[in-house]
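# Tertiary structure, described
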Amino acid sequence: IRSLKKDNLVFQFEKRYLKKDGTYLSTLIYANKIIHSEPLKPLYIAFIEDLTEKKKLSNRLTNYEEKFKEFSELFPMVVFEIDFQNDKVNYVNLNGQEFFGYSFEDIVKIKPILFVSEEDRFKIRKQILKMRKEHFAFSEEVKMLRKNKETANMLLQAVPIYKERK
């Protein structure tokens, strides 16, 4: 509040309130000083957003992501999670690390399309664009590139997973 009075800033912060029943209410508070014609009478406006359900949903999503990663380690195949908006690998299971010959730390630094042979990249880019536009899964046989420059035929299967509707 002091910052609002002094700097005329928009201010945002999270706050938890203890309810009568002993549970907590998580909130996000937005506050703003409104410019007023009389400098001695500043006005403030604030909005409070209940974050309780969002926090519960976020925690459940995190639990599901952890379970997915644990489960994918049991698969006898390569499993990637790729963020196509940012063009990066978020996750690859141990089979993927062994198959491609890279550590996890190295894999996340490489653009996902670079694991596909040059001759198949156009085809895969086209499929990815279609997947993002039409929200469908696809399968395509492609040659994948390993660290040692060898190629291997694989059936690439992509399924869109949306976080926060993106």
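What counts, and where the lines are drawn
Residues numbered from 1 in each chain as written. Predicted model: local features only at pLDDT ≥ 70, side-chain atom pairs only at ≥ 80, totals over all residues. Heavy atoms only, no water. Helix = DSSP H or I, 4+ residues; strand = E, 2+ residues; numbered from the N terminus. Buried < 20%, exposed > 50% of the residue type's maximum accessible area, 1.4 Å probe, protein only. Contact = heavy atoms within 4.5 Å. Areas by Shrake-Rupley, 256 points an atom, 1.4 Å probe, with all protein chains shown as cover. Core = buried A, V, L, I, M, F, W, Y, C linked by side-chain atoms within 4.5 Å. Pairing = 2+ DSSP bridges. Expected span 1.5 Å × (residues − 1).

### Regarding the overall build of the chain
- Counting its regular elements, the chain contains five helices and seven strands.
- Tracing the chain from N to C terminus, the helices and strands come up as α-β-β-β-α-β-β-α-α-α-β-β.
- Out of the 166 residues in the chain, the part that is buried amounts to 25%.
- The long-range share in the chain, meaning contacts at least 24 apart out of those at least 6 apart in sequence, stands at 29%.
- In the structure as shown, the chain presents an accessible area of about 12800 Å², 54% of it carried by carbon and sulfur atoms.

### Comments concerning the nonpolar core
- Membership of the largest hydrophobic core comes to 18 residues, with the highest contact counts inside it found for Phe100, Tyr102, Ile107, Phe115, Ile124, Phe138 and Met144.
- Among the secondary structure elements, those contributing two or more residues to this core are β5 (88-92), α3 (94-100), α5 (118-134), β6 (138-145) and β7 (151-158).
- The residues contacting Ile107, other than those within four sequence positions of it, are Phe80, Val89, Val92, Gly96, Gln97, Tyr102 and Phe115.

### So, the pairing of β6
- Only one face of β6 is buried, namely the one carrying Phe138, Glu140, Val142 and Met144, since none of Ser139, Glu141, Lys143 and Leu145 on the opposite face is buried.
- As defined by bridge partners, β6 adjoins β7 across eight bridges and the pair is classed as antiparallel. Along β7, the bridge assignment pairs Glu141 with Leu155.

### Focus: α5
- Between the first and last C-alpha of α5 there are 25 Å, a value that for 17 residues agrees with the 24 Å anticipated at 1.5 Å per step.
- Taken together, the buried positions of α5 are Asp120, Arg121, Ile124, Gln127, Ile128 and Met131.
- Looking at the buried positions of α5, the neighbouring elements they touch are β6 and β7.
- Positioned one or two residues after α5, His135 has a phi angle of 55°, which is positive.

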